[in-house]
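# Residue-level structural notes
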Amino acid sequence: MPTDLLADLTDEQQAAVVHGEGPLLILAGAGSGKTRVITRRVAYLLQQGVRAGSILAITFTNKAAGEMRQRVDAIVPGNKLWICTFHSLGARLLRQYADRLNIDKNFTIYDVDDRNKLVKDALDATGMDNTKFTPDRLGGAISKAKNQLLTPKQFEQQAHDFFSQTAAKVYHGYEKRLRAANAMDFDDLLYLPALAMRYNEELRADLDSRFKFVLVDEYQDTNSAQYEIARRLSLNYPNLCVVGDPDQSIYKWRGSDIKNILDFERDFPAAKVITLTQNYRSTKAILHAASTVIDQNKHRKKKMLVTANPQGDPVTVLNFNSGLEEAEGVVERIKKAVAEKRNHYRDFAIFMRINALTRTLESAFVKHGVPFQIVKGLAFFDRKENKDVLAYLRLLVNPDDTVSFLRVVNEPPRGVGKTSLDRLVSYANRNEISLMNAAGSVAKIPEIKGKASSGVRDFYRIITDLRTQLEHPPHELIAMVLDKSGYRKSLQDSTDEEDADRLANIEELVTAAKQYYDEDNSRTLGDFLEQITLASDVDSWDETADHVSVMTLHAAKGLEFPVVYLLATEQGLLPHERSLAKDEDVEEERRLFFVGMTRAMKELYLCHARLREFRGQAMYQVPSMFLDELPPDVVRQDISQDRNFARGAIDEWRQKAGYGNPNFLPGPAERPRKMEPTGASGDPSEFFVGAVVQHDEYGIGQITDLSGFGALRRVKVRFPAAGEKTFVADKAKMKVVKRK
DNA sequence: CTGCTCGGCCTTTTT
DNA sequence: GGCCGAGCAG
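In this text the structure is predicted, and so the values were computed from the model without any measurement.

Let's shift gears to the overall build of chain A. Counting secondary structure elements, chain A contains 31 helices and 23 strands. Taken over 740 residues, chain A has a buried fraction of 55%. Entry remark: accessible area of chain A is about 32700 Å², with carbon and sulfur atoms responsible for 50%.

Have a look at this one:
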């Protein structure tokens, strides 16, 4: 009954669904029913008699994968097709083909923290000055290299500057350590399968014929490694269907390459291209506003979105005095709307550019008793106590896991300090054995004695004993770990009040493991651990509960809400200050703004505050340049939130800031270094970092730095036209225009 | 030698 | 506001 699958679709959508064999590119504008099309297409293929096992659908998050699986299952029940993310596909392939790839299938997946620890170790081992480059930066460079499928050798050959050369050295050592720990980092999950398919033609051909139909969602955000995988799965059976929207590409910083989607037709000359431009989500006002903004991007294929939806309310710009008032104001407005029965809490979403902004919001929600969920999936598993327990579990599955070993060998304290640990590590390195094996023969290491020695021995026994219990379900294993390791006892005996909370959190972990197991009894501890590590932020989001959803713009991709509030649309935050130097980066920020706007179905509020606290420092904020790009005919300014919004000085400064002036980066581009304690210098003026000042000669500017005392006190001010100037504070002919 | 506390440093976005 | 390293006490 294929007609059922097509009945409610437009001609364009139908064409995409019924496309048979051969490459297919679906350019799907925001809100054009992309998910529906891709789901129907899978169902259609199944109805056409394509075996479920030969379809592979790749989504951006596990949550999207789960939803698609449900939808496909509702149409064609009991199918067994692969729907997963690129990363979980990689993990699955690596475990399934472990023998052919000569790897141990019990590998642990390292997250960025774990990675950085190994990077730091590798960096230290090079004996180079390690103060210059942080493990984080070096790890980032290595990650980028892997995403481009560069081996340590290849990366080294093209490393010409000092940083890259350092990174290349560290990359070598890092890889050695990863393999020794039997661990994979996130990038390996793409890098290794991609390279395997590039150099192992037999394996590649097997997979190609296994997955005759490959569908990739959010194709605009694929990186080189992902591209390689998709491409090599589609050589003999080029039935690759990719769906995406170049205007929603927001992961360039993570190595994604917009060219993958722009060049699809070059890669597959036979490709059929279908463009979906009908928007079903937003009002005309919202769509017009969003389209006008995205149209400012120079490097863009023009594309018009249209909707048959009503005009709707204008997009509203809300001005607030401070970040605090912004949070309060938004929460109050939401509370009011619900009290007046205009909406449910679940209708609302609040987006922001950076996670740090959720904090003030959280207290406002608590204060007003408004239910909310901050969509930050890993927050729970990121807690120290849970990370500790997970480290024990990882060690059970993979005793070679160095990072986990070091994390819990002395947790709870077993008298194994840094010195003893260093000795254990060097013994293990000397003998080329894992830390766990070294721990097993701690009696043979004379430098480790007394309490440290017995502590290591005890730890070894605990892990070894627990390893014999591996066939138990995950939640039971966690309980055993808690008892045998003494972790539970240590928390129970503690006088620290927080330890009671920690214990409660661990109990929640047990519950989570039990739920996971109850859903499917064949799931192992290893599966549980993998699922946690590969979980994305939105995976934990519960859209059915009646609460306000709070998330970053990145997490918001693919979602929709009746009412959207976008916080802190301020220069320096959106666009983020780190992007201001390059046009292409600003364009990505604009796409991010566009993604946020197009999530809204009925109402869209863009908020900004004049004053915002950063790390304890109050900073004057300039409204985002993107707000100036909004079409006036569908936008309303609402300054009712801001009882004494002082336009004068700020506006003048902002005007002079001139976004076109390349010598001036508006917003708090320069971060304040240090603030002297007020009054300590007896400074007569009231200068503070972030203050807007009026200078006799240079006009309006903003203080970016203060230093020194008394007569030596210096104040640095950034002026729109003149750039940055430093004055002796006592002598500076200027005054603070706007006080704190 | 271990373990705790204090202070200095940095903070985009994520699988 | 959170993490790491240094410094100090037991």
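Still more ground to cover, so stick around.
We now examine the nonpolar core. In terms of nonpolar packing, the biggest core is built from 57 residues, with Leu56 and Val216 touching the most fellow members. If one sorts the elements of this core by residue count, helix α10 (residues 162-180) sits on top with 7 residues. Here this core spans two domains, since at least three of its residues come from each of domain 1 (11-99 + 190-280) and domain 2 (112-180). Non-local contacts of valine 216, meaning those with residues more than four positions away in its chain, are made with Ile58, Phe86, Thr222, Ala230, Leu240, Cys241, Val242 and Val243. The next biggest cluster of nonpolar side chains, apart from the first, holds 47 residues, and it includes Leu390, Val408, Val456 and Met480.

Below, the discussion takes up helix α3 (residues 34-47). Across its 14 residues, α3 extends 20 Å between first and last C-alpha, which sits within 8% of the 20 Å expected from 1.5 Å per residue. Of all 14 residues that make up α3, 11 are buried, and the element is covered over most of its length. Taken as a whole, α3 has its buried residues at Lys34, Val37, Ile38, Thr39, Arg40, Arg41, Val42, Ala43, Tyr44, Leu45 and Leu46. Following α3 by one or two positions, glycine 49 has its phi on the positive side, about 95°.

Turning to the packing of helix α2 (residues 11-18) against α3, a few remarks are in order. One can describe the packing of α2 onto α3 by two numbers: an axis separation of 8 Å at closest approach and a directional angle of 40°. Our classification of the angle between α2 and α3 gives oblique. Taken as a pair, α2 and α3 cross one another with a handedness that is right-handed. Contacts between α2 and α3 involve Gln13, Ala16, Val17 and Val18 from the former and Val37, Arg40, Arg41 and Tyr44 from the latter. The class makeup of the residues in the contact of α2 with α3 is 5 nonpolar, 1 polar and 2 charged.

Okay, the pairing of strand β14 (residues 548-552) next. Of all 5 residues that make up β14, 5 are buried, and the element is covered over most of its length. A two-sided burial pattern is seen for β14, the buried positions comprising Val548, Val550 and Thr552 on one face and Ser549 and Met551 on the other. One ladder, built from 3 bridges, connects strand β13 (residues 372-374) with β14; its direction is parallel. Across the sheet, isoleucine 374 pairs through a bridge with valine 550, a residue of β14.

Bringing the protein's contact with DNA strand B into the picture now. The immediate surroundings of DNA strand B are formed by 29 residues, with Arg353, Ser420, Ser536, Arg578 and Arg615 found nearest. Separating a phosphate oxygen of DNA strand B from a side-chain N or O atom of asparagine 410 is a distance of 2.8 Å. Between threonine 419 and DNA strand B, the recorded distance is 3.2 Å, taken from a backbone N or O atom to a phosphate oxygen. Top contributing element to the surface near DNA strand B by residue count: helix α21 (residues 418-431), with 4 residues. Classifying every residue of the surface near DNA strand B gives 10 nonpolar, 11 polar and 8 charged.

Below, the discussion takes up the sheet that holds strand β1 (residues 24-28). Think of a sheet as strands paired side by side through backbone hydrogen bonds, with each pair either parallel or antiparallel. Pairing within the open sheet is parallel, and its 6 strands lie in the order β3-β2-β6-β7-β1-β8. If you trace the sheet from one side to the other, it starts and ends with β3 (82-85) and β8 (272-276), each paired once. Neighbour to neighbour, the strand axes of the sheet diverge by 15° on average, direction disregarded. Sheet topology note: the β1/strand β7 (residues 239-244) ladder contains 4 bridges and is parallel. Looking at β7, one finds that leucine 24 is bridged to cysteine 241. Packing against the sheet, α2 makes contact with β1 and β8, and its axis sits at approximately 145° to β8. Packing against the sheet, helix α4 (residues 62-75) makes contact with β2 (55-59) and β3, and its axis sits at approximately 160° to β3.

So, about unusual backbone geometry. Leave glycine aside and you will find that most residues have negative phi; peptide bonds, for their part, are mostly trans. Glutamate 411 connects to proline 412 through a cis peptide bond whose omega is 0°. Mapping proline 412 onto the fold places it in the loop between α20 (402-408) and α21. The step from leucine 574 to proline 575 runs through a cis peptide bond, and the omega angle for that step is 5°. Of note, proline 575 is situated in the loop between β15 (561-566) and α29 (583-597). Although it is not a glycine, leucine 149 sits at a positive phi angle of roughly 60°. In this structure, glutamate 432 takes a positive phi of about 50° despite not being glycine. Relative accessible area serves as the criterion here: at 74%, glutamate 432 is assigned to the exposed category.

Looking at chain A, pLDDT values average 84 and 86% of them are 70 or higher. For residues 642-684, every residue scores under 50 in pLDDT, and the model assigns this stretch 86 contacts once sequence neighbours within four places are set aside.

Let's shift gears to the UniProt feature "binding site: ATP" (unreviewed entry) in chain A. The UniProt record marks Ala28, Gly29, Ala30, Gly31, Ser32, Gly33, Lys34 and Thr35 with the feature "binding site: ATP" (unreviewed entry), using the residue numbering of this structure. Along the chain, glycine 29 turns up in the loop between β1 and α3. Once residues lying within four places of it in the same chain are set aside, the contact partners of glycine 29 are Asp245, Gln248, Leu276, Lys303 and Leu305. Here glycine 31 lies in the loop between β1 and α3.

Thresholds, definitions, all that
- Residues numbered from 1 in each chain as written.
- Chains lettered and ligands numbered in written order.
- Predicted model: local features only at pLDDT ≥ 70, side-chain atom pairs only at ≥ 80, totals over all residues.
- Heavy atoms only, no water.
- Helix = DSSP H or I, 4+ residues; strand = E, 2+ residues; numbered from the N terminus.
- Buried < 20%, exposed > 50% of the residue type's maximum accessible area, 1.4 Å probe, protein only.
- Areas by Shrake-Rupley, 256 points an atom, 1.4 Å probe, with all protein chains shown as cover.
- Core = buried A, V, L, I, M, F, W, Y, C linked by side-chain atoms within 4.5 Å.
- Domains from an automatic or database assignment.
- Contact = heavy atoms within 4.5 Å.
- Expected span 1.5 Å × (residues − 1).
- Axes fitted to C-alpha atoms, helices over the stretch in contact; angles between N-to-C directions.
- Parallel < 35°, antiparallel > 145°, perpendicular 65-115°, else oblique.
- Left-handed = near helix turned anticlockwise from the far one by under 90°.
- Nonpolar A, V, L, I, M, F, W, Y, C, P; charged D, E, K, R; others polar.
- Pairing = 2+ DSSP bridges.
- Near = heavy atom within 4 Å.
- Polar contact = N/O pair within 3.5 Å; in protein donor to acceptor, adjacent residues only side chain to side chain.
- pLDDT = per-residue confidence, 0-100.
- UniProt positions renumbered as here; feature names shortened; annotations may be inferred.

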